[in-house]
Amino acid sequence: MSNTFTVKDMNLWYGDFHALKDVSLDIPGGQITALIGPSGCGKSTFLRSLNRMNDLVQGCRITGDIRLCGEDIYGGMDVNLLRKRVGMVFQKPNPFPMSVYDNIAYGPRTHGIRKRAQLDEIVERSLRDAAIWDEVKDRLNRSALGLSGGQQQRLCIARALAAQPEVILMDEPTSALDPISTGRIEDLALDLKNDYTIVMVTHNMQQAARISDRTVFFLLGEVIESGETEQIFSLPKDSRTEAYVTGRFG
């Protein structure tokens, strides 16, 4: 399995605060990689570095090497192209205040697709791939804000899929959802890994154990351990990992 992302000696500062320290990590394609660790340990900061969302943060400085399929994303890569290839789903569902249809068509339109038939096809395919087509096909022209929280989150996943990315980043995508909606998003992630690489930040140990192929444990801005999920949870090599996954701290 080839690596989608290869990260070497990455450091990140917010002003004087050294938030990520010497992170080196391979993220394989076609798998779900879970990033776990206590609050404030750098998981979301790392995730946002993979599509350069941290560029928007004043005083943020990054050194080291981050490559997407061999290309240096901080070299001369067009950031809009990068975000087309690497989609993002946030912790709280954030549909645009427009119709369900326009939420999905928004990205393709910004990339120059104007034909109605083509947009119709992208909208239906994206909503089907996000397992929400049957629930919204009769309300495509109604506001997306009228959907339930779980539906809004699947809509946001569909919106990410509409750009046909290679990677989907998920920042605690189920933390604001009820157990049934959470289960649906987890099932969806398992389906999507057949076509996409998924990197997911989660606070939920059971979720990481249930759906991820690989797990990375962050602590105080450092990667303490990474490996196959089963190994991390059953035979961690580092005592700090063991203490975290067994619930003794965090």
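Up top is the structure these notes are about.
Anyway, here's the lowdown on the structure attached to this text. Just so it is clear, the structure is predicted and the values come from calculations on it, not from any experiment. (Residues numbered from 1 in each chain as written. Predicted model: local features only at pLDDT ≥ 70, side-chain atom pairs only at ≥ 80, totals over all residues. Heavy atoms only, no water.)

1. Re the nonpolar core
As a reminder, the rule being used: Nine residue types can take part in a nonpolar core, namely buried Ala, Val, Leu, Ile, Met, Phe, Trp, Tyr and Cys, and a core is a set of them joined through side-chain atoms within 4.5 Å. A simple rule labels every residue: compare its accessible area, found with a 1.4 Å probe on the protein chains alone, to the largest value its type can have, and call it buried under 20%, exposed over 50%, or partly exposed in between. Helical segments are the DSSP runs of H or I of at least four residues, strand segments are the runs of E of at least two, and each set is numbered from the N terminus. Residues count as neighbours in contact if any of their non-hydrogen atoms are within 4.5 Å of one another.
Ranked by internal contacts, the top residues of the largest apolar core, which has 34 residues, are Val100, Leu127, Ile157, Ile168 and Leu192. Of all the secondary structure elements, the ones that give two or more residues to this core are helix H3 (100–110), helix H4 (116–129), helix H5 (133–136), helix H6 (149–161), strand E7 (167–171), helix H7 (179–192) and strand E8 (197–201). Here this core gets five residues from one element, more than from any other, and that element is H6. What isoleucine 168 contacts, discounting residues up to four positions off in sequence, is Gly87, Val89, Leu161, Leu192, Tyr196, Thr197, Ile198 and Val199. Formed by 28 residues, the second largest nonpolar core is a distinct cluster that contains Val23, Phe46, Ile66 and Val199.

2. Quick notes on the pattern of salt bridges
The line we're drawing: We count a salt bridge whenever a side-chain nitrogen from Lys or Arg sits within 4 Å of a carboxyl oxygen from Asp or Glu.
Summed over all chains, the structure comprises 14 salt bridges. Among the ionic pairs, arginine 67 bridges to aspartate 65, the shortest N-O distance being 2.9 Å. When the shortest N-O distance is used, the salt bridge between lysine 193 and aspartate 213 registers 3.0 Å. One end of the pair, lysine 193, is in the loop between H7 and E8; the other, aspartate 213, is in the loop between helix H8 (205–211) and strand E9 (214–219), and 20 residues separate them in sequence. The class of aspartate 213 is partly exposed, set by a relative accessible area of 22%. The network of salt bridges with shared partners includes Glu71, Arg85 and Glu166.

3. Brief notes about the packing of aromatic side chains
Applied cut-off: By convention, a stacked pair of Phe, Tyr or Trp rings (six-membered ring in the case of Trp) has centres within 6.5 Å and planes under 30 degrees apart, an edge-to-face pair has planes over 60 apart, and any other such pair is tilted. For a ring to carry a charge above it, either NZ of a lysine or CZ of an arginine must fall within 6 Å of the ring centroid while also lying within 35 degrees of the normal to the ring plane.
This structure, assessed with the given rule, holds three aromatic pairs. Ring centres of phenylalanine 96 and tyrosine 106 lie 4.9 Å apart, and the angle between their planes is 55°; on these two criteria the pair is classed as tilted. One end of the pair, phenylalanine 96, is in the loop between strand E6 (86–89) and H3; the other, tyrosine 106, is in helix H3, with 10 residues separating them in the sequence. With a relative accessible area of 26%, phenylalanine 96 lands in the partly exposed category. On the basis of an interplanar angle of 25° and a centroid distance of 5.1 Å, the ring pair of phenylalanine 217 and tyrosine 244 is categorised as stacked. Placement of the pair is phenylalanine 217 in strand E9 and tyrosine 244 in helix H10 (residues 239–245), with a sequence separation of 27 residues. Exposure remark for phenylalanine 217: the relative accessible area of 0% places this residue in the buried category. The buried category is assigned to tyrosine 244, whose relative accessible area is 5%. Over the face of the ring belonging to tryptophan 13 we find arginine 61, whose NZ or CZ atom lies 4.2 Å from the ring centre.

4. What about H6?
Applied cut-off: By this rule the span expected of a helix is its residue count minus one, scaled by 1.5 Å.
Relative to the 18 Å expected for 13 residues at 1.5 Å per residue, H6 spans 18 Å between its end C-alpha atoms, a close match to the ideal helical length. Those residues of H6 that sit buried are Gly150, Gln151, Gln152, Gln153, Arg154, Leu155, Cys156, Ile157, Ala158, Arg159, Ala160 and Leu161.

5. Some thoughts on the sheet that holds E6
Where strands meet in a sheet, backbone hydrogen bonds hold them as pairs that are either parallel or antiparallel. Convention followed: Here a strand pair is declared whenever DSSP counts at least two bridges between the two strands. Only the stretch in contact is used when a helix axis is fitted, and all axes are lines through C-alpha atoms; the angle between N-to-C directions ranges over 0 to 180 degrees.
The strand order E6-E7-E8-E3-E9-E10 describes an open sheet built from six strands, whose pairing is mixed. Each edge of the open sheet is held by one strand with a lone partner, namely E6 and strand E10 (222–228). Adjacent strand axes in the sheet meet at a mean angle of 15° when their direction is disregarded. Summarising the sheet, E7 and E8 pair through five bridges and their orientation is parallel. Bridge pairing links isoleucine 168 to isoleucine 198 in E8. Most of the contacts of H6 go to E6, to which it runs at about 170°, and overall it touches E6 and E7.

6. As for unusual backbone geometry
Notably, cysteine 69 is not glycine yet its phi reads approximately 50°, a positive angle. Here cysteine 69 shows up in the loop between strand E4 (60–68) and strand E5 (71–72). The phi torsion at glutamine 164 lies on the positive side, around 50°, for a residue other than glycine. Here glutamine 164 shows up in the loop between H6 and E7. Exposure remark for glutamine 164: the relative accessible area of 55% places this residue in the exposed category.

7. Quick look at the sheet that holds E5
Judged by pairing direction, the sheet is antiparallel, and its four strands sit side by side in the order E2-E1-E4-E5 without closing on themselves. Two strands close off the open sheet at either side, each with one partner strand: strand E2 (17–28) and E5. Judged from the eight bridges that link them, strand E1 (residues 3–14) and E4 form a sheet pairing that is antiparallel. Across the sheet, asparagine 11 pairs through a bridge with threonine 63, a residue of E4.

8. A short note on the pairing of E1
Inspection of the sheet shows E1 paired to E2 by eight bridges, in the antiparallel sense. Each bridged residue has a counterpart across the sheet, and for asparagine 3 the counterpart in E2 is proline 28. Where E1 hands over to E2, the hairpin turn is made up of two residues, of which glycine 15 adopts a positive phi near 60°.

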